[in-house]
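Each chain is listed here by its residues.
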Amino acid sequence: MPVALIDSGAFAAYQKGECVVWERVFQKYESVIQMTAKPEGLSIVAPDVIGDQVGTLKLWNEHAVRVRRWIDQGVRVIVPLQRGHLSAAEMLALAKQTFGTDRFCAGIPSNLEAMSAEDCSTLYHPDFHILGRVILTDELETKLGALKLNNPHANYTADANWLRSRTRKISIEASTLPPDRSPGLGDTKRTRAVRNILQQEAYFSLLA
């Protein structure tokens, strides 16, 4: 099945020293979710704070009901396991407890504030996503080896993703659209362009 990923923008905000306006992100997610007939073909990233376990756990608790609703709708929700005092396994256990389910994807940071191979070796889960601009370095290969040792049959995906492979197509699509209608709510030309291409590629073909 074709899969599309919509990122939260948390990593870009981290690099710029900015704060994420989560309500805008959630509105973007839910706009796309409402328009798709195949939510299982969509991956979205749960709220988190890069490199900050405490901040991430706070966001999880604040938005647990909303995140669980996305999961129940069939969306593949990627839950970033940020590093800190707790091990990755402990973070994963807390995610299951907070959201009341294990039907989500465990997000593994790969670049800045990345998880170590030792931490990866503590994880047991059926679905993993490698977060960040993925380049298969020796270090990342070691981390993947640690994950696969305990999870040989798990599903693995990475941020070398649908959006990046269609950057030019999205730009062309956006250039054909009318001006932003409600930019403060995240309804930008780029958002609408992504939504249009999602429908064309990931879903319309599945309805035939």
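Residues numbered from 1 in each chain as written. Predicted model: local features only at pLDDT ≥ 70, side-chain atom pairs only at ≥ 80, totals over all residues. Heavy atoms only, no water.

Trainee: Just give me the short version of the overall build of the protein chain, but keep the residues and values in it.
Mentor: Helix and strand counts for the protein chain stand at 10 helices and six strands. Buried residues in the protein chain amount to 46% of all 208 residues. Put simply, 68% of the contacts in the protein chain that link residues at least 6 apart link residues at least 24 apart. Within the structure as shown, the protein chain displays about 10,500 Å² of accessible surface, and the carbon and sulfur contribution to it stands at 54%. (Helix = DSSP H or I, 4+ residues; strand = E, 2+ residues; numbered from the N terminus. Buried < 20%, exposed > 50% of the residue type's maximum accessible area, 1.4 Å probe, protein only. Contact = heavy atoms within 4.5 Å. Areas by Shrake-Rupley, 256 points an atom, 1.4 Å probe, with all protein chains shown as cover.)

Trainee: Would you mind going over the side chain of S8 in detail, with residue names and values included?
Mentor: Along the chain, the position of S8 falls in the loop between β1 (4–6) and α1 (10–16). Residues in contact with S8, not counting those within four places in the same chain, are V20, W22, V25, Y29, V45 and D48.

Trainee: Now, about the pattern of salt bridges: what can you tell me, with residues and values included?
Mentor: Between side chains of opposite charge, pairing is possible as soon as their charged atoms come close. Under the counting rule described, the total for this entry stands at six salt bridges. E23 serves as the salt-bridge partner of R66, at 3.1 Å between the closest nitrogen and oxygen. With a gap of 43 residues between them, R66 in helix α4 (residues 64–72) and E23 in helix α2 (residues 22–35) connect regions that are remote in the sequence. For E23, a relative accessible area of 39% corresponds to the partly exposed category. Between D72 and R103 there is a salt bridge, with its nearest N and O atoms 2.9 Å apart. Taken together, the residues D72 in helix α4 and R103 in the loop between α5 (88–99) and β4 (105–109) connect sequence positions 31 residues apart. In the salt-bridge network here, residues are joined through shared partners; they are E23, E30, R66 and R69. (Salt bridge = Lys/Arg side-chain N within 4 Å of Asp/Glu carboxyl O.)

Trainee: A description of the packing of α2 against α4 should follow, citing residues and the corresponding values.
Mentor: Two numbers describe how α2 lies on α4: the axes approach to 12 Å, and their chain directions differ by 20°. Viewed along their axes, α2 and α4 adopt a mutual orientation that is roughly parallel. Handedness of the α2/α4 crossing: left-handed. Between α2 and α4, the residues in contact are E23, F26, Y29, E30 and I33 and R66, R69 and W70, respectively. Grouping the constituent residues of the contact of α2 with α4 by class yields four nonpolar, no polar and four charged. (Axes fitted to C-alpha atoms, helices over the stretch in contact; angles between N-to-C directions. Parallel < 35°, antiparallel > 145°, perpendicular 65-115°, else oblique. Left-handed = near helix turned anticlockwise from the far one by under 90°. Nonpolar A, V, L, I, M, F, W, Y, C, P; charged D, E, K, R; others polar.)

Trainee: With reference to specific residues and values, describe the confidence of the model for the protein chain.
Mentor: Scored by pLDDT, the protein chain has a mean of 83; 82% of the residues are at 70 or more. Note that pLDDT drops below 50 for residues 202–208; the model gives that stretch 14 contacts with residues more than four away or on any other chain. (pLDDT = per-residue confidence, 0-100.)

Trainee: Explain the nonpolar core to me, and be specific about the residues and the numbers.
Mentor: Generally speaking, a soluble globular protein has its nonpolar side chains buried in company with each other. Grouped together as the largest cluster of nonpolar side chains are 46 residues, with contacts concentrated most on I44, V77, L81, I108 and L123. Sort the elements by how many residues they give to this core and α2 lands first, with six residues. Every residue in contact with I44, bar those within four places of it in the chain, is listed here: I6, Y29, I33, W70, V75, R76, V77 and I78. In this structure, I170, L177, A193 and V194 belong to the second largest nonpolar core, which totals six residues. (Core = buried A, V, L, I, M, F, W, Y, C linked by side-chain atoms within 4.5 Å.)

Trainee: Which residues make up the sheet that holds strand β2 (residues 42–45), and what values do they have?
Mentor: What the six strands build is an open sheet, ordered β1-β2-β3-β4-β5-β6; its pairing is parallel. Strand pairing shows two members of the sheet lacking a second neighbour, β1 and β6 (155–158), which therefore form its edges. On average, each strand axis in the sheet is tilted by 25° relative to the strand beside it, whichever way the strands run. Bridging between strand β3 (residues 76–80) and β4 involves three bridges; their strand directions are parallel. Paired with V79 across the two strands is A106, which belongs to β4. Sheet contacts for α2: β1 and β2; angle to β2, the most-contacted strand, approximately 170°. (Pairing = 2+ DSSP bridges.)

Trainee: Please give an account of α4 that cites residues and values.
Mentor: Among all positions in α4, only A64, R66, V67, W70 and I71 are buried. What you see down the axis of α4 is that its buried residues fit within an arc of 165°, all on one side. On its buried face, α4 sits against α2, β2, α3 (53–62), β3 and α5. (Arc of directions from axis to C-beta.)

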